[in-house]
Amino acid sequence: MAESELLQGTLDLLILKSLALQPMHGMGISRRISQIANGAFDVKAGSLFPALHRMEQAGWLASEWGESETRRRSKFYRLTRTGRGRLQSESQRWERISLAMASALRAK
Amino acid sequence: MLAVFFRNLLRKKQTEQELDDELRAYLELTTAENVRCGMCPEHALQKARRDLGGIEQVKESVRDIRVGVWLEILVQDIRYALRSLRRNSGFTTVAILTLALGIGANTTIFSMVNGVLLKPLPYPNPDRLVTLWETHPAWGPFLTVAPANFYDWRQQSTSFSRMAALDPYPDFILTGRGEPRRLAGAAVTADFFPLLGVNMALGRSFRATEDHVVVLSYSIWESYFGARTAIVGTGVRLNDEEYTVVGVTPRDFSLVGKTSDFQARTRFDVWINLGLASPPEAWTRGTHPLSVFGRLKPGISLQQAQAELDGIARNLRRLYRDDNDAKGIAAIPMSEHAVSGVRTALLTLLAAVVMVLLIACANIANLLLTRAAARQKEMALRAALGASRKRLAQQLLTESAVLVLLGSGFGLALTLLSGPALIAHLPADLPRIAEISVDGRVLAFTTLITLATGIVFGLVPMLQSRVVQSRGVRLNARGISSGQSRLRGALIVGQVSLALVLLAGAGLMIKSLSALLQVSPGFQTTHILTARFSLPPRYANGYRFGTAQHRRISAFQRELAGRVRAIPGVRSAGFTSYLPLAGTNNNWSFFIEGRPPNPPGVYDSTDYRPVTAGYFETIGIPIKRGRSFEARDDEDHALVVVVNEAMARQFWPNENPVGKRLKFGDEHWRTIIGIVGDVHHQGLAIAPAPEMYIPWGQVPNVEVRPTIVVRSFIEPASLTSALRKAVAEVDPEVPMDQVATMGQLVSGSVSEARFRTAVISLFALLALFVASIGVYGVMSCLVSQRTREFGIRMAVGATRGAVFALILRQGAKLAAIGIAIGLVAAALFGRLIASLLYGVKPLDAATLAAVSILLAAVALFASYVPARRAANADPMDSLRYE
């Protein structure tokens with residue numbers, strides 16, 4: 001699926017979800033999203049980094065500097081307490097919406 | 001929010017670097033992945049670049065997002081702050097008003113300090129300008145200068161690019177344009193205007209050798225010469241002589257200096273050439289009318305110039321022992337000399353107003369704490385819903401920032417609106433009044449105190465957010481933590497101690513002012529009208545020393561006095577040349593008959609006053625011995641003198657001076673016929689000096705500026721028009737000005753002390769009021785926080801009295817600590833203002849005790865009301881509370 005078709009808020013949720021297990025750097029997040037969405041989404045850097053910085057400022061993510069697998073200084077993001085709460089509430093909302101959408105579309 | 005803003009500002013560079021690192025790491029990782037997928041490194045990098053879509057574009061959009069989010073949060077926080085401030089309109093109004101008053105008062109006082117003390121003088125390269133004075137170990141450090149000495153200084157020194165002199169005495173009578181008018185003139189050397197760097201608005205300054213040329217002040221040019229540009233080159237008649245106008249000073253030109261250096265002149269209307277292009281006559285080393293200005297050469301320090309002047313002074317002492325014995329030369333920066341008399345007073349006011357702001361800040365901090373306690377549940381709830389501690393603190397900080405900004409905005413408006421009224425009330429002899437304005441520096445100061453205030457407030461929300469954290473999500477959080485109540489206690493103690501310092505300062509100044517006003521000046525201050533005349537040159541028959549040529553002046557005085565005495569309501573009238581407390585003075589040397597001659601360079605000299613018969617009786621100076629002047633003491637009769645008690649004490653300590661003789665430089669013996677009481681001539685705070693009085697008809701020089709003194713049965717000011725009419729009848733060409741009642745002169749002589757006393761008293765009252773509100777606020781808050789505890793106490797048997805005493809004790813304890821600290825601070829403050837006090841010691845026990853008691857009483861009353869409320873509460877209600 002092309003990235004432009006991502007619904008508003010979807011990218012945020014995907015980022016939150018991708019960080020649920022462990023802290024990751026930007027590239028890792030991008031690959032993880034691609035992996036958990038079975039390759040449906042290809043998140044480009046031009047969308048990913050603005051989103052990461054926005055979410056960091058909003059207090060959902062925190063970051064620290066660490067070393068990547070190529071031994072280069074990289075910025076690792078992790079979920080904050082607020083971010084974790086956000087992931088929970090957004091997941092629930094998204095499930096409700098997708099259920100509702102699915103049933104609406106099935107309706108005769 | 002603000003914290004984020006500042007972090008962004010300060011760490012902008014770091015943020016950029018981090019973003020760069022982050023993206024480069026991404027690029028590298030993607031490239032490495034591509035290589036793993038089998039691409040050659042070059043292609044791998046290219047593909048990674050393509051995928052990334054341009055590092056700069058990504059960076060740009062990240063930056064946009066960061067700013068956008070920042071703005072969004074800011075707007076959100078401001079909106080939230082405004083909403084919450086509006087909800088608590090009472091709190092908001094009190095806080096903003098307090099801040100506006102505090103910041104406005106600070107801005108106003110600082111604009112005065114800035115205009116008078118801090119601004120550079122309004123001339124080019126002002127730090128190179130100095131004033132030069134003669135010094136004498138006995139007569140003082142800043143004496144005006146003899147023309148011949150000035151000439152030698154200018155000739156011999158090399159440290160100055162220019163040196164100029166000003167003689168403030170010349171007066172001119174401008175006639176032929178309606179009512180005659182006296183123009184205050186200054187005679188200056190040709191170097192004067194170039195030295196100050198004044199570029200004439202019209203024409204030019206005069207040249208050293210030009211005579212009978214005049215430079216007009218801008219205001220006189222505007223008001224008397226119709227602002228005609230064609231004025232330059234035309235003639236004007238001044239004192240019956242023809243002068244050519246060569247220039248007009250710029251509109252904003254004024255001579256910065258002490259009015260006391262210029263014979264009470266605050267401005268000059270016309271400027272003529274003092275000459276001194278060639279060596280002056282030798283006798284001018286014995287007369288000292290000049291103020292001297294110098295401009296230091298580039299690269300020459302004041303110390304170097306002073307060292308050179310010391311050498312010149314040594315040389316002059318050796319050459320002219322008669323006139324220059326023991327005399328030195330002092331150079332002092334022009335900016336310093338002009339304001340040396342008011343520096344302490346202005347800085348004291350600044351200190352006082354900063355204290356007021358601190359007290360106000362403490363109050364608002366207290367209010368914020370009270371609110372914080374009330375909002376603890378709200379905060380705890382929001383924290384539970386996931387708001388981070390930082391976000392909460394940011395929000396509260398934004399709230400404080402909004403408060404402070406609104407307060408300082410209103411404060412600044414207050415300053416701008418009240419500015420003109422304030423300037424109208426300033427003592428007229430305050431130097432540099434014209435330069436008081438709200439300029440960049442004042443705005444910077446306001447910004448600075450606003451920021452400082454904001455930080456003080458900012459701390460409160462920080463502490464508050466710590467409280468929130470420590471309490472976690474205990475929704476039933478109740479009461480204030482002990483840390484917080486300690487903080488509030490400290491705030492109260494601080495307020496009380498600052499208020500005490502201000503009250504003590506005000507108390508001392510009030511006591512000093514009233515001591516000053518109780519000084520008996522030595523003459524009558526009520527029912528006396530005074531006015532000064534300027535007699536045209538024909539009255540003087542040309543100035544020559546030692547010749548009695550006053551018949552026309554005496555005739556004028558006799559005729560005018562006669563007409564004035566005939567005015568209904570007038571009791572008596574007399575003339576003097578130098579009125580007490582009017583800022584003018586003259587000093588003469590003399591020789592006492594039968595005494596061994598003084599060594600060269602040592603003189604007996606006293607202040608000297610030409611007066612007419614009837615002067616002592618009119619102004620109410622008592623005759624202590626001998627007789628007063630009578631009409632017969634004139635040009636044709638024996639020469640006589642009256643001395644005051646101070647002079648009698650100093651020169652005839654164990655004798656009766658009546659009948660003794662003395663002489664001036666004119667070599668005529670004069671007999672002392674009486675002794676009169678001392679008067680405070682130079683100021684109420686200044687001890688009377690030895691004085692001698694001479695009948696006007698017998699003075700050896702010519703005095704053409706008589707001041708009439710009229711004693712009345714009725715309100716003296718009401719006689720002004722009748723007096724003016726009488727003068728016009730005697731000689732319509734004699735201008736009359738400087739009309740004042742003796743009461744006004746006395747009051748004007750203490751106007752600086754009165755002004756600062758009034759301002760500091762106002763500040764002290766404000767401080768007392770604000771601090772008492774602070775105590776009241778904290779005690780009531782304490783009572784409401786502990787309502788439950790009191791309920792329990794009473795339920796288990798505590799009496800109402802015990803609860804009442806408990807609270808009162810708490811208030812009393814805080815007040816006592818505050819007063820104790822305040823007393824120490826007040827002692828230090830008292831030492832700082834010691835030079836401003838008259839007749840009261842800086843550690844005046846009565847004042848300190850009185851203000852302590854006042855403050856204690858107010859603090860106790862402020863605790864009494866909440867204590868009553870607690871004691872009268874129904875214990876059952878208290879227990880049900882919450």
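Residues numbered from 1 in each chain as written. Chains lettered and ligands numbered in written order. Predicted model: local features only at pLDDT ≥ 70, side-chain atom pairs only at ≥ 80, totals over all residues.

Another aspect to go through is the overall build of chain B. Along chain B, the regular secondary structure elements total 26 helices and 23 strands. Computed over the C-alpha atoms, the radius of gyration of chain B is 37 Å, more than 25% above the 29 Å expected from 2.2 N^0.38 for a compact globule of 882 residues. Oriented by its inertia axes, the alpha-carbon framework of chain B measures out at about 120 × 90 × 55 Å. Sorting the 882 residues of chain B into buried and exposed places 43% on the buried side. Excluding contacts between residues fewer than 6 apart, the proportion of contacts in chain B whose partners are at least 24 apart in sequence is 83%. (Helix = DSSP H or I, 4+ residues; strand = E, 2+ residues; numbered from the N terminus. Rg over C-alpha atoms; globule rule 2.2 N^0.38 Å. Buried ≥ 20, exposed ≤ 12 C-beta atoms within 10 Å, placed from the backbone. Contact = placed C-beta atoms within 7 Å.)

We now examine the nonpolar core. If you look at soluble globular proteins, the nonpolar side chains tend to sit buried side by side. Residue and element names in this part refer to chain B. Among the nonpolar cores identified, the biggest contains 102 residues, and Val356, Ala499, Leu502 and Ala767 are the most heavily contacted of them. The element best represented in this core is helix α12 (residues 343-374), accounting for 18 residues. Those residues in contact with Val356, other than ones at most four positions away along the chain, are Gly102, Ala105, Phe763, Leu766 and Ala767. In this structure, Val145, Val245, Trp271 and Tyr320 belong to the second largest nonpolar core, which totals 61 residues. (Core = buried A, V, L, I, M, F, W, Y, C linked by C-beta atoms within 7 Å.)

Let us look at unusual backbone geometry. Residue and element names in this part refer to chain B. Backbone geometry places Arg432, a non-glycine residue, at a positive phi of 65°. Along the chain, the position of Arg432 falls in the loop between α14 (389-425) and α15 (440-471). A tally of 20 C-beta atoms within 10 Å means that Arg432 is categorised as buried. With a phi angle near 60°, His527 is a residue other than glycine that sits in the positive phi range. The topology assignment puts His527 in the loop between α16 (482-518) and β13 (528-533). C-beta crowding within 10 Å serves as the criterion here: with 18 such atoms nearby, His527 is assigned to the partly exposed category.

Right, let's talk about the pairing of strand β8 (residues 235-238) of chain B for a bit. Alternating residues of β8(B) divide into B:Val236 and B:Leu238, all buried, and B:Gly235 and B:Arg237, none buried. Here β8(B) hands over to strand β9 (residues 241-248) of chain B after two residues, with B:Asn239 in that stretch at a positive phi of 50°. (Pairing = 2+ DSSP bridges.)

Residue and element names in this part refer to chain B. On domain assignment, one finds that chain B holds domain 1 (2-87), domain 2 (139-325), domain 3 (346-518 + 751-880) and domain 4 (535-734). Relative placement of domain 2 and domain 4: their C-alpha centres are 29 Å apart. Listed as interface residues are 13 residues of domain 2 and, on the opposing side, twelve residues of domain 4. Taken together, the elements giving at least two residues each to the side of domain 2 that touches domain 4 come down to β4 (171-174) and α10 (321-324). Class assignment of the residues belonging to the side of domain 2 that touches domain 4 gives a composition of three nonpolar, five polar and five charged. (Domains from an automatic or database assignment. Nonpolar A, V, L, I, M, F, W, Y, C, P; charged D, E, K, R; others polar.)

A few words now on the pairing of strand β20 (residues 669-676) of chain B. Residues and elements named next belong to chain B. Burial within β20 is extensive, with six of its eight residues counted as buried. Taken together, the five bridges between strand β18 (residues 640-644) and β20 define a ladder with parallel strand orientation. Bridge pairing in β20 places Val643 opposite Ile675. The pairing of strand β19 (residues 661-663) with β20 spans three bridges and is antiparallel. Opposite Lys663, over in β20, you have Trp669 as the bridge partner.

As a further point, take the interface of chain A and chain B. Where interface size is given, it is often the accessible area lost as the parts come together that is meant. Every contact between the two is made by 22 residues of chain A and, on the other side, 24 residues of chain B. Elements represented by at least two residues in the side of chain A that touches chain B include exactly α2 (26-36), α3 (45-58), β3 (73-79) and α4 (81-106) of chain A. The biggest single contributor to the side of chain A that touches chain B is α3(A), with eight residues. In the side of chain A that touches chain B, the residues fall into five nonpolar, eleven polar and six charged.

Quick look at the sheet that holds strand β2 (residues 61-67) of chain A now. Taking strand neighbours across the sheet as the criterion, the three strands line up as β1-β3-β2 (chain A) in an open arrangement whose pairing is antiparallel. Of all the strands in the sheet, the pair left with one neighbour each is β1 (24-25) and β2 of chain A. Bridge count for β2(A) against β3(A) is seven bridges, and the pairing is antiparallel. By the bridge assignment for β3(A), A:Glu67 is matched with A:Arg73. Sheet strands touched by helix α2 (residues 12-36) of chain B: β1 and β3 of chain A. Its angle to β3(A), the strand with the most contacts, is close to 95°. (Axes fitted to C-alpha atoms, helices over the stretch in contact; angles between N-to-C directions.)

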